[in-house]
Amino acid sequence: MIRIRKDVRSITPYRPGRPIAEVAREYGFDMSAIVKLASNESPLPPVRQAMAAMAEELGAINRYPDNDCHDLRLALASHLGIEPDQTWVGGGSSELLRVIASALGGEGTTAVYAWPSFVVYRLATVVAGATPREVPLTTDHVHDLDAMRAAIDDTTTVVYVCNPNNPTGSHVSSEEIARFVDGVPEDVLVVVDEAYGEYVTAEDYHTAVSLALSRSNVIVTRTFSKVYGLAALRVGYAIAQPETITELRKAQAPFSVTSVGQVGALASLSAVDEIGRRVGENADERSRMEAAFADRGLEYVPSQANFVYLRLGASTAATTEAFIRHGVILRPFGEGWVRVSIGTHQENDRFLAALDAERHRLASN
Ligand SMILES: Cc1ncc(COP(=O)(O)O)c(C=O)c1O
């Protein structure tokens, strides 16, 4: 028997939202009849400029990609009003999270994060040989930053703050983040995961980029997988002080960002108006869904992201099955909660119709 580490063996494998093709095969649906609201993807294709740039790049993929992501980092720096050496690009922001965990982990160290939150924090921590310290969200489903601060001790090397939080869509204000960072020891890295940051409309929320540039122990991670509609391309980025990036990059696999990904991400950055329009559409549909849940007397967490956390009260298996029969793929969580991504207007209507057909039966399960 090969000697895989015990802590790795104990991992529950990552369970992605079920792919459309798999559900179509299993249930005999036409793929076009299925609505996937399970992985917080954009319901819209990449912007036109990105598709054109990626198509053109295909003829050059016999060459390895630019390991420094030079052009994309230049474009990111200009987009954000920062310097290129304050940016770092990865094969999805998940890769950056794993690199961070492995560079700061190891036996005897701990990583602090909220729970429920993005499951990659847990996976990356365990794989890095570190011990997770999971701090429950408050009863309002928001990060309990005081409790997270209290969970940090001298074994702690990294803290993750998911803002807005996946799966609840709740956020903490910029002021709260700044206060939290003030209370964290300077040798503990605070990762502010802003995978859904573009979708936020709350006025007390601002990106933590300026905090990351002014503090040596703060890094912000972001992604092209959500609002930019490039989930399958795997491009994410981080913002931090250059010295932090230089050290963390040593733990990153070479060539992890494809050349097609680099040009697709770069071209997407220029579509400022279109991305703004998509953010507006998401906010409108999010409000419509929340109002529909309120009208039906359902418990939900007000969201700042492209998904809503909703309580249906039934078991994971019963909920998944009930919605799949209507061709709708959701993401169930424990204790009767589901996370539903915001789709197009028509997709959301499909979800609401399935909800009306199933909710009474599910609640009495
Ligand atoms: C909170 C959060 N962070 C990071 C990611 C990872 O995104 P990617 O690896 O596609 O950049 C996700 C994806 O769902 C997420 O929910």
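Refer to the structure printed above.
Right, let's walk through the structure included here. None of these values were measured; they are calculated from a predicted model. Along each chain, numbering runs from 1 in the same order as the chain's sequence is written. Owing to the predicted nature of the model, reporting of local features is limited to residues with pLDDT of at least 70; listing and counting of side-chain atom pairs is limited to 80 or more, with chain, interface and lining totals taken over all residues. Side-chain figures throughout are based on the complete set of non-hydrogen atoms in the structure, without hydrogens or water.

## Examining the pattern of salt bridges
Pairing is possible between side chains of opposite charge, provided their charged atoms come close. Whenever a carboxyl oxygen of Asp or Glu lies within 4 Å of a side-chain nitrogen of Lys or Arg, that contact is scored as a salt bridge. Applying the stated criterion across every chain yields a total of 21 salt bridges. Residue Glu-194 is joined to Arg-222 by a salt bridge in which the shortest nitrogen-to-oxygen separation is 3.2 Å. Separated by 28 residues along the polypeptide, Glu-194 in the loop between strand E6 (189-193) and helix H9 (209-214) and Arg-222 in strand E7 (residues 218-223) bring together distant segments of the chain. The buried category is assigned to Arg-222, whose relative accessible area is 11%. The partner of Asp-356 in a salt bridge is Arg-296, with the nearest N and O atoms 2.7 Å apart. In this pair, Asp-356 is assigned in helix H14 (residues 345-363) and Arg-296 in the loop between helix H12 (272-295) and strand E9 (299-301), connecting sequence segments 60 residues apart. For the exposure calls, accessible area comes from a 1.4 Å probe over protein chains only, and a residue counts as buried if that area is under 20% of its type's maximum, exposed if over 50%, partly exposed in between. Here Arg-296 falls in the partly exposed class, since its relative accessible area comes to 24%. Salt bridges sharing partners connect three or more residues here, namely Glu-274, Arg-277, Arg-278 and Glu-281. Secondary structure elements follow DSSP: runs of H or I of four or more residues count as helices, runs of E of two or more count as strands, with numbering from the N terminus.

## Considering the pairing of E7
Of all 6 residues that make up E7, 6 are buried, and the element is covered over most of its length. Burial of the side chains of E7 extends over both faces: Val-218, Val-220 and Arg-222 are buried on one face and Ile-219, Thr-221 and Thr-223 on the other. Both E6 and E7 contribute to a ladder of 4 bridges, which runs parallel. Of the residues in E7, the one forming a bridge with Val-192 is Val-220. We treat two strands as partners when DSSP finds at least two bridges between them.

## So, the pairing of strand E10 (residues 307-311)
Most of E10 sits out of view: 4 of its 5 residues are buried. In the sheet, E9 pairs with E10 via 3 bridges, with the strands oriented antiparallel. The residue bridging Tyr-300 from the neighbouring strand is Leu-310, located in E10. Hairpin connection between E9 and E10: a loop of 5 residues separates the two successive antiparallel strands.

## Describing the packing of helix H3 (residues 48-57) against helix H11 (residues 259-269)
Close contact between H3 and H11 brings their axes to 8 Å; oriented N to C, the two are set at 155 degrees. When the interaxial angle is binned, H3 and H11 end up roughly antiparallel. You can see that H3 and H11 cross each other, and the crossing is right-handed. Contacts between H3 and H11 involve Gln-49, Ala-50, Ala-53, Met-54 and Glu-57 on the former and, on the latter, Ser-259, Val-260, Val-263, Gly-264, Ala-267 and Ser-268. Axes here mean lines fitted to C-alpha atoms, for a helix over just the part in contact, with angles spanning 0 to 180 degrees between N-to-C directions. Each angle receives one of four descriptions, namely roughly parallel if under 35 degrees, roughly antiparallel if over 145, roughly perpendicular if within 65 to 115, and oblique otherwise. Handedness of a crossing is defined here by the sense of rotation of the near helix relative to the far one, left-handed for an anticlockwise turn of less than a right angle and right-handed for a clockwise turn. The contact criterion used throughout is that any non-hydrogen atoms of two residues lie within 4.5 Å.

## Quick notes on the packing of helix H13 (residues 316-324) against H14
At a minimum axis separation of 9 Å, H13 and H14 run at an interaxial angle of 140 degrees. Overall, the two elements H13 and H14 adopt an arrangement that is oblique. Pair H13 / H14 crosses with right-handed handedness. Along its contact with H13, which presents Ala-318, Thr-319, Ala-322 and Phe-323, the element H14 presents Phe-351, Ala-354, Leu-355, Glu-358, Arg-361 and Leu-362. Residue type decides the class: Asp, Glu, Lys and Arg count as charged, Ala, Val, Leu, Ile, Met, Phe, Trp, Tyr, Cys and Pro as nonpolar, and the leftover types, Gly among them, as polar. Across the contact of H13 with H14, the residue classes tally to 7 nonpolar, 1 polar and 2 charged.

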